[in-house]
Amino acid sequence: MREFYVYHNWRRDRAVVHHGACRYCRFGVGAHTPATRASDEWLGPFEYDDAFARARTLRRFDVAACRVCSPRAPQP
């Protein structure tokens, strides 16, 4: 199973889907220390489709995919 995570920042109204191995995600740990995380959270792990579905529940408009790891649907 490939793991995908959703980064949710409620102050910026932002939801971004990452592959778990992304340098910004680090399997839901993130790139920042917990002390600096007053307005965001990591959710997951999810399957690919579930990650985007969950992100859409957090954000009113478009949901972004990380520009660094470019998560893609797993190939059969």
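Everything numeric here is computed off the predicted structure, so don't read it as measured data. (Residues numbered from 1 in each chain as written. Predicted model: local features only at pLDDT ≥ 70, side-chain atom pairs only at ≥ 80, totals over all residues. Heavy atoms only, no water.)

**Student:** Quick question: what am I supposed to make of the environment of V17 here?
**Tutor:** Positionally, V17 belongs in strand 2 (residues 14–19). Residue V17 is classed as buried on the basis of its relative accessible area of 0%. Distance from V17 to Y48, taken between C-alpha atoms, is 9.0 Å for residues 31 residues apart in sequence. Apart from the residues lying within four places of it in its own chain, the contact partners of V17 are F4, Y5, V6, A51, F52, A55, V63, A64, A65, C66 and P71. (Helix = DSSP H or I, 4+ residues; strand = E, 2+ residues; numbered from the N terminus. Buried < 20%, exposed > 50% of the residue type's maximum accessible area, 1.4 Å probe, protein only. Contact = heavy atoms within 4.5 Å.)

**Student:** Sorry if this is basic, but what is going on with the environment of H18 here?
**Tutor:** Along the chain, H18 turns up in strand 2. Judged by its relative accessible area of 6%, H18 is buried. Taking the C-alpha atoms as reference points, H18 and A51, separated by 33 residues in sequence, lie 8.7 Å from one another. Dropping the residues within four chain positions of it, H18 is found in contact with E3, F4, Y5, Y7, Y24, C25, W42, C66, C69 and P71.

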